[in-house]
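# Observations on chain architecture
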Amino acid sequence: MTDHMMTPRTAPVDPRDRGGPAQPMLIVDGMKKYFPIRAGVFNRKVAEVKAVDDVSFYVVKGETLGIVGESGCGKSTLARLLMHLIEKDAGELILDGDLVGGSTGVLLDGLRRALQMVFQDSSSSLNPRLPIEQSVAYGPKVQGASGKSAKAQARSLMEKVGLNPNLFGQRYPHELSGGQKQRVNIARALALAPRLLILDEAVSALDKSVEAQVLNLLGDIKKQLNLTYIFISHDLHVVRYISDRVMVMYLGQLVEIGPADQIYEAPKHPYTQALLACRLSMDPEARVDAAPLAGDPPSPVSPPSGCRFHTRCAFVEDVCKAKTPKLGDVLKLSADKHLAACHMVHPDSGHSRAPAHATAA
Amino acid sequence: MNAMTSPDLSQATPHPAPFLRVEDLRVKFVSRDATVRAVNGISFNLERGKVLCVIGESGSGKSVMMRSLLRLHPKKRTVIEGTMMVGEHDIGAVSDRAMTQLRGSLISMVFQEPMTALDPLYTVGDQIAETVRRHEGLSKEAAWARALELLELVRVPSPERRLKAYPHELSGGLRQRAVIAMALSCRPSLLLADEPTTALDASVQIQILVLLRKIQQEMGMSMIFVTHDLGVAAQIADQVAVMYAGRIIEYGNARDVLLNPQHPYTKAMLAATAKDQDRNLPLEAIAGNPPDLRALPDGCSFAPRCKYAGPDCIVTMPPPVTDIRGHMARCFKVEAADGPLAFDERVAEPA
């Protein structure tokens, strides 16, 4: 069973594939979103919330990219930007080799067919007045399928996510448990045969035993339908289990990205290290006496100068306050690339703990 | 079966006078359509200054049990049976007026969602001071001074400014600290915490856990802490009770229950939690859903989902089996011959 597991970069050829198997599913370049804060009589802009500030990354076909970070770090805003649920201020989105938007690029309609999203709150994302079969069939109908074929498709999708369509099809959302509702949401997201699924805290609200069921389901349909996932969660254990690569965000910026095992076993950025230390051990003897991260993240309205983490970092030096550390070439494709935006990682950055010379690039 | 069975856990605990004694607590919600049996016979004791963690999934009755201790359920629709003794107070028998006095001063509660537990129209200081004035009859100035002390106690940075802040002006972590300050305002002897860290980030969750444990030890409070996260239980619990369908199915020292679980449900829940497993293998999920509390199955409630269930399991609810260390499990396949509890899947199979 293990031999045909998800191995990124060698995903099977998909007829919908335009850019070739090595072309990343999604390239995000310099994504920015500043929310204005308006006040005063003339409703003028007085400040900006820098929710997502210059984030670039790519997602390879067939992989699962995990996104972690504290609340307010911009992970959900980023997901909504990718889905075009909110307008971006700057940045480019390249879907399977094609620029999204613009005069020659992929239209929004096409993007929404290729990208689908599953939200955290399973009940508020379902229409309470639609039986779930109709909820699942709604997407295909809007995209032009006949009522009959949309219904047939909905029934087969419900079967795929482990809900018997004869038993559950006519039920309303309030008649289902949390796990079942999340299965419906997954079926609905799959209804347009997307290539990439954005899962924004999709299992966070579920009980542990149900969470495991849904995680297994996500693993199965990923293989069956040749999907790519962006998995956003604050549960570091779940992210490690499901992700091939992980990116860590702090105050709207990407601070570390790399293969999941490397991030978890040898985190480079002090923020990632602290975040990982917040995972709770099952052993009552191994109790934490001091929280690894003190306080809350600073306000994204006026983020700290230089490295945004310097106010909470244990290794802060003058250079951290003065200079913004660079992440490096995020968009250069490489399977085991592990980058961190920290002066301690980059040689000759001026930090006393930085490696002396450019030995490791 | 040569197991040492005892329905009352006090026989297993060495100290004679527990601070909190719950005996055979049953809570039913009656409506025209159905009777929901949310809690089905819970007994446990809690000593002064100890922390009991109640672990269970949604619908296991853990929150209902907590609310019964404060008598927060609607009177007309709820049938509560059994005894609940907190100190010398019999929670089931005291008058409504006396109960109002006990709430907040003897027993206090921290809820899961700090935003809904705070009134959005009053400042944090007003809300903390109100509790103090109500219970201890302090003047407004004295109550505000106490509120300031309390915010310092829960380590809110720049507390003077935060006293005048409205709940929406605080972050989730600070809001939960304010709720904890309010709960501690009259120095309760028993603090009930209903998933106080579930809505928080991992980094803030650990801050709150460290804080709660410190305060609990400093004040010598007893605490019941409800959670569905086993990692949280490991951080804070002295004793752990695992609930399923309104019953405690496993109970014992935190170490025994979390590191050496005996009941199949506790074992399965530990196995189903994602924790550094091989990502190429599926998680060992528990099949099915928890039972409908309107129509509980006879016998062991977990039997329909249990991979070890035999014919006996569907007929009668297994009695508690307790070993000398006080580790209890309700399963036919668990035995305590002379030493610790031991799970043996061959026990009670038909010959």
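Residues numbered from 1 in each chain as written. Chains lettered and ligands numbered in written order. Predicted model: local features only at pLDDT ≥ 70, side-chain atom pairs only at ≥ 80, totals over all residues. Heavy atoms only, no water.

Let us now look at the domain arrangement of chain B. Residue and element names in this part refer to chain B. Taken domain by domain, chain B consists of domain 1 (9–106 + 188–343) and domain 2 (120–187). Computed over C-alpha atoms only, the centres of domain 1 and domain 2 are separated by 30 Å. With 20 residues of domain 1 at the interface, the matching set in domain 2 holds 14 residues. Between domain 1 and domain 2, the buried area comes to about 1,500 Å², and carbon and sulfur atoms account for 64% of it. Connecting domain 1 to domain 2 are 0 salt bridges. (Domains from an automatic or database assignment. Contact = heavy atoms within 4.5 Å. Buried area = accessible area lost by both parts, 1.4 Å probe. Salt bridge = Lys/Arg side-chain N within 4 Å of Asp/Glu carboxyl O.)

Residues and elements named next belong to chain B. Counting through the fold element by element, Gln216 comes out in helix H8 (residues 202–219). Gln216 sits in the buried class, given a relative accessible area of 3%. Within the structure, the side chain of Gln216 is placed 2.9 Å from the backbone oxygen of Gly49, a separation counted as a polar contact. At 3.1 Å, the side chain of Gln216 forms a polar contact with the backbone oxygen of Met221. Those residues in contact with Gln216 that lie beyond four places of it in its chain are Gly49, Lys50, Val51, Met221 and Met223. (Helix = DSSP H or I, 4+ residues; strand = E, 2+ residues; numbered from the N terminus. Buried < 20%, exposed > 50% of the residue type's maximum accessible area, 1.4 Å probe, protein only. Polar contact = N/O pair within 3.5 Å; in protein donor to acceptor, adjacent residues only side chain to side chain.)

With 44 residues of chain A at the interface, the matching set in chain B holds 45 residues. Taking both sides of the interface into account, the surface hidden between chain A and chain B amounts to around 4,000 Å²; carbon and sulfur atoms contribute 54%. Its largest share of buried area at the contact with chain B, chain A owes to A:Tyr241, A:Leu280 and A:Met282, together 20% of the area lost on that side. Here chain A is connected to chain B by 6 salt bridges. Across the pair A:Arg240 and B:Asp276 runs a salt bridge, and its minimum N-O distance is 3.4 Å. Connecting chain A to chain B are 22 residue pairs in polar contact (both at pLDDT 80 or more). When residues of the side of chain A that touches chain B are assigned to their parent elements, the largest contribution, 7 residues, is made by helix H7 (residues 208–225) of chain A. By residue class, the composition of the side of chain A that touches chain B is 19 nonpolar, 13 polar and 12 charged. (Nonpolar A, V, L, I, M, F, W, Y, C, P; charged D, E, K, R; others polar.)

Before going further, it helps to examine the side chain of B:Gln176. Residue and element names in this part refer to chain B. The topology assignment puts Gln176 in helix H7 (residues 172–184). Separated by 3.4 Å, the side chain of Gln176 and the backbone oxygen of Phe111 make a polar contact. In contact with Gln176, other than residues within four places in its own chain, are Val110, Phe111, Gln112, Pro114, Pro196, Leu200 and Ile208.

Another aspect to go through is the sheet that holds strand E3 (residues 51–55) of chain B. Residues and elements named next belong to chain B. The 8 strands are arranged E6-E7-E8-E3-E9-E10-E12-E11 in an open sheet whose pairing can be described as mixed. Two strands lie at the open edges of the sheet, namely strand E6 (107–110) and strand E11 (321–322), each paired on one side alone. Most of the contacts of helix H1 (residues 62–69) go to strand E7 (residues 190–194), to which it runs at about 150°, and overall it touches E3, E6, E7, strand E8 (222–227) and strand E9 (239–244). Most of the contacts of H8 go to E8, to which it runs at about 160°, and overall it touches E3, E7 and E8. (Pairing = 2+ DSSP bridges. Axes fitted to C-alpha atoms, helices over the stretch in contact; angles between N-to-C directions.)

Once that is clear, we can look at the environment of B:Asp24. Residues and elements named next belong to chain B. For Asp24, the position within the fold is in strand E1 (residues 20–30). For Asp24, a relative accessible area of 37% translates into the label partly exposed. Each C-alpha atom, one on Asp24 and one on Arg67, is 16 Å from the other, the two residues being 43 residues apart in sequence. If we skip the residues at most four places from it in the chain, Asp24 touches Gly41, Ile42, Ser43, Glu81 and Gly82. For Asp24, the side chain forms a polar contact with the side chain of Arg26, separated by 3.3 Å.

Let us now look at the pattern of salt bridges. Here the structure, examined in full by the defined rule, presents 33 salt bridges over all chains. Among the salt bridges present, the one from A:Arg195 reaches A:Asp96, with a minimum N-O distance of 3.5 Å. Of this pair, A:Arg195 sits in the loop between helix H6 (178–190) and strand E7 (196–200) while A:Asp96 is found in the loop between strand E4 (90–95) and strand E5 (98–99), placing the two residues 99 residues apart along the sequence. A relative accessible area of 8% means that A:Arg195 is categorised as buried. Overall, A:Asp96 belongs to the buried group, its relative accessible area being 5%. In this structure, A:Asp283 engages B:Arg255 in a salt bridge whose closest nitrogen and oxygen atoms are separated by 3.3 Å. Of this pair, A:Asp283 sits in the loop between helix H10 (270–277) and helix H11 (318–322) while B:Arg255 sits in helix H10 (residues 254–259), which puts the two residues in different chains. Taking relative accessible area as the criterion, A:Asp283 reaches 24% and is therefore assigned partly exposed. Each of A:Arg240, A:Asp261, A:Glu265, A:Arg279, B:Asp276 and B:Arg279 takes part in a single network of salt bridges with overlapping partners.

On to the packing of H7(B) against H8(B), then. Any two packed helices are characterised by the angle at which their axes cross and by the distance between the axes. All names here are of chain B. Axis separation between H7 and H8 bottoms out at 10 Å; the angle between their running directions is 15°. Taken as axis vectors, H7 and H8 run roughly parallel relative to one another. Relative to H8, the crossing made by H7 is right-handed. For the pair H7 and H8, the contacting residues are Gly173, Gln176, Arg177, Ile180 and Leu184 in the first and Val204, Gln207, Ile208, Leu211, Leu212, Ile215 and Met219 in the second. (Parallel < 35°, antiparallel > 145°, perpendicular 65-115°, else oblique. Left-handed = near helix turned anticlockwise from the far one by under 90°.)

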